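Chain by chain, the residues:
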Amino acid sequence: MRLNTPLSRFDLLIYGRYRLVHGLRIALAFTLTFLLTRELKLPESTWPLITLVVVMGPISFWGNVLSRALQRVVGTIFGAACGVVALYLELYALPLMLAWCSAIMFLCGYLALGKRPYAGLLIGITLAVTMGARPGDIEMALWRSGDVILGSMLALLCCSIYPQRAYTHWRMQMHDSLLQAQRIYHTHLSPNMLERPRLTQSHARLLARIVSLRPLLAPAVKETRLNSTLFEAVQTTMRNTFCTLEMLANTYWRDRQSHFLMQSHPGLRACQQATEAVLTELALMLHSGDATAADEAISRLQEAAAQVQAEVRPGADDEATISGYLWLNLQLTEQIVHLHRLLGLVLQPYHAPSVRP
């Protein structure tokens, strides 16, 4: 899997409607499984359908598919074997069979709250399915066990066809978040704005979107085999960057006099425009996988930030008035440069981005 593969229009269409696609996948798998069992005239043919829904329903991303599906298959096979043993024990003594089932269900409950919950649940479900056969009817129990295993394998097969990848979802959501941040930043700094725009809720939604990406990290790590700390660092840096953007907006609109001073500062204006360009290029980099334009935008931003830092004269009253705003801009530049490095390591883990230290 190439991590910097450009996202095609088909990817954007499929991943942009992943819940719809997941529903269609389950519906198609159910229909095909029903036709297969009807054509083969399998005994107890309802169990493959039930198992298919149980196995496929909670699975959403490919990073979770293999481990969860294997847990389900292993749990199904073990539960079926335990059910056959229980039916065999029933021929000799009902209390012995009940003691055996109680021990297996204890194991089911124990595993269900551990690191392999799906294996534990499928052990209990398959045991119940198998025990539903008539006392001593080993043949029916074996048919039910085989049907449940067949349903698990078909579910795994259907999930592996053009699977939903958490890494691709993460790239798309990060792209949208960066573009939204760029629009908010541009609106706050627009010279056409005479009063502060009411974007508090937009800031809150932006931060909430970053938090909502956390469930994607674990399956994305499994899909990419990158270190989880790298994704965590991207999330943290992204959140800090957006918080700095909010602080910049608060400082920019704090009072009218300092607002006009900041607005008329030529170095600041160039730095702000370079920041907007970098946010846009970082978003496009996540879609295209190409970091060339983002590298150039980062270089321009660093040059503009160096000019701003050189123009600060601590002894001047007007510069002292906007010193806090200048410092926040420099902090924002550092955070964006760091975010660019991290995103470069995610998209091209063996090729360091060409950024000046």
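Being a predicted model, the structure only gives us computed values, none of them experimental. (Residues numbered from 1 in each chain as written. Predicted model: local features only at pLDDT ≥ 70, side-chain atom pairs only at ≥ 80, totals over all residues. Heavy atoms only, no water.)

### Examining the overall build of the chain
In terms of regular secondary structure, the chain is built from 16 helices and 0 strands. Counting over 357 residues, the chain shows a buried share of 48%. Sequence-distant contacts, at least 24 apart, represent 78% of the contacts inside the chain between residues at least 6 apart. Within the structure as shown, the chain displays about 18200 Å² of accessible surface, and the carbon and sulfur contribution to it stands at 62%. (Helix = DSSP H or I, 4+ residues; strand = E, 2+ residues; numbered from the N terminus. Buried < 20%, exposed > 50% of the residue type's maximum accessible area, 1.4 Å probe, protein only. Contact = heavy atoms within 4.5 Å. Areas by Shrake-Rupley, 256 points an atom, 1.4 Å probe, with all protein chains shown as cover.)

### Some points on helix H5 (residues 94–112)
The end-to-end C-alpha distance of H5, which contains 19 residues, comes to 27 Å, matching closely the 27 Å that a straight helix rising 1.5 Å per residue would cover. Of all the positions in H5, only Met 97, Cys 101, Ile 104 and Cys 108 are classed as buried. All buried residues of H5 project into a common sector of 65 degrees when viewed along the axis, lining one side. H5 presents Pro 95, Phe 106 and Tyr 110 as exposed residues on the side facing more than 90 degrees away from its buried surface. (Expected span 1.5 Å × (residues − 1). Arc of directions from axis to C-beta.)

### Side note on the environment of Ile 50
Residue position: Ile 50 is located in helix H3 (residues 46–56). Along the sequence, Ile 50 and Val 148 sit 98 residues apart, while their C-alpha atoms lie 8.1 Å from each other.

### Overview of the packing of helix H10 (residues 214–224) against helix H11 (residues 228–252)
It is the contact of H10 with H11, at a shortest axis distance of 9 Å, that shows an interaxial angle of 145 degrees. Here the hand of the crossing between H10 and H11 comes out right-handed. Taking contact as the criterion, the partners of Arg 214, Leu 217, Ala 220, Val 221 and Thr 224 in H10 are, on H11, Ser 228, Phe 231, Glu 232 and Gln 235. Among the residues making up the contact of H10 with H11, the classes are represented as 4 nonpolar, 3 polar and 2 charged. (Axes fitted to C-alpha atoms, helices over the stretch in contact; angles between N-to-C directions. Left-handed = near helix turned anticlockwise from the far one by under 90°. Nonpolar A, V, L, I, M, F, W, Y, C, P; charged D, E, K, R; others polar.)

### What about a nonpolar patch on the surface?
A surface patch of nonpolar side chains, about 540 Å² in accessible area, is lined by Leu 28, Phe 30, Leu 32, Phe 34, Leu 35 and Val 53. With respect to the secondary-structure elements, Phe 30 resides in helix H2 (residues 18–40). Residue classification places Phe 30 among the partly exposed positions, given a relative accessible area of 35%. (Patch = residues over 30% accessible without salt bridge, like charges linked within 9 Å, V, L, I, M, F, W, Y side chains within 5 Å. Salt bridge = Lys/Arg side-chain N within 4 Å of Asp/Glu carboxyl O.)

### Overview of the UniProt feature "transmembrane region" (unreviewed entry) in the chain
The UniProt feature table records "transmembrane region" (unreviewed entry) at residues 20–37, 49–66, 73–89, 95–113, 118–135 and 141–162. Along residues 20–37 one finds 100% helix and 0% strand; the C-alpha atoms at either end are 26 Å apart. (UniProt positions renumbered as here; feature names shortened; annotations may be inferred.)

### Topic: the packing of helix H8 (residues 166–189) against H11
Put simply, H8 and H11 touch, their axes get as near as 10 Å, and they point 15 degrees apart. The orientation of H8 with respect to H11, classified from their angle, is roughly parallel. H8 and H11 meet at a crossing whose hand is left-handed. Of H11, the residues touching H8 (which contributes Tyr 167, Trp 170, Met 174, Ser 177, Leu 178, Ala 181, Tyr 185, His 188 and Leu 189) are Phe 231, Val 234, Gln 235, Met 238, Phe 242, Leu 245, Leu 248, Ala 249 and Tyr 252. (Parallel < 35°, antiparallel > 145°, perpendicular 65-115°, else oblique.)

### A look at the nonpolar core
A general feature of soluble globular proteins is that nonpolar side chains tend to end up buried together. In terms of nonpolar packing, the biggest core is built from 55 residues, with Trp 170, Met 174, Phe 231, Leu 282 and Leu 343 touching the most fellow members. The biggest single contributor to this core is helix H16 (residues 323–347), with 11 residues. Here Trp 170 is in contact with Leu 213, Leu 216, Leu 217, Phe 231, Val 234, Gln 235, Leu 343 and Val 346, once residues within four sequence places are set aside. Membership of the second largest hydrophobic core comes to 9 residues, among which are Ala 29, Met 56, Ala 155 and Cys 159. (Core = buried A, V, L, I, M, F, W, Y, C linked by side-chain atoms within 4.5 Å.)

### Structural notes on the environment of Leu 217
Position of Leu 217 relative to the elements: it lies in helix H10. In sequence terms Leu 217 and Trp 170 are 47 residues apart; their C-alpha atoms lie 7.9 Å from each other. Other than its neighbours up to four places away in sequence, Leu 217 contacts Trp 170, Phe 231, Glu 232 and Gln 235.

### A short note on the confidence of the model for the chain
On average, the chain scores 81 in pLDDT, and the residues at 70 or more come to 86%. Element-level pLDDT for the chain is lowest in helix H15 (residues 317–321), with a mean of 48, against a maximum mean of 90 in H5. Note on residues 352–357: pLDDT is under 50 here. Beyond four places in sequence and across chains, it has 16 contacts. (pLDDT = per-residue confidence, 0-100.)

### So, the pattern of salt bridges
Applying the stated criterion to the full structure yields 1 salt bridge. For Glu 232, the salt bridge is made with Arg 214, and the minimal N-O distance between the two is 2.7 Å. Residue Glu 232 is found in helix H11, and its partner Arg 214 is found in helix H10; the two are separated by 18 residues along the sequence. Of the residues examined, Arg 214 reaches a relative accessible area of 37% and is grouped as partly exposed.

### Overview of the environment of Leu 245
Looking at the secondary structure, you find Leu 245 in helix H11. Among the residues examined, Leu 245 registers a relative accessible area of 6% and is labelled buried. Residues Leu 245 and Asn 329, 84 residues apart in the sequence, show an inter-C-alpha distance of 8.8 Å. Setting aside its immediate chain neighbours within four residues, Leu 245 contacts Ala 181, Tyr 185, His 203 and Leu 332.

### Description of unusual backbone geometry
Backbone geometry follows two general trends: most residues other than glycine have a negative phi, and most peptide bonds adopt the trans configuration. One non-glycine residue with positive phi stands out, namely Lys 41, at about 55 degrees. Along the polypeptide, Lys 41 turns up in the loop between H2 and H3. Judged by relative accessible area, which is 72%, Lys 41 ranks as exposed. Of note in the backbone geometry, Arg 225 takes a positive phi value of approximately 60 degrees without being a glycine. Tracing the sequence through the fold places Arg 225 in the loop between H10 and H11.

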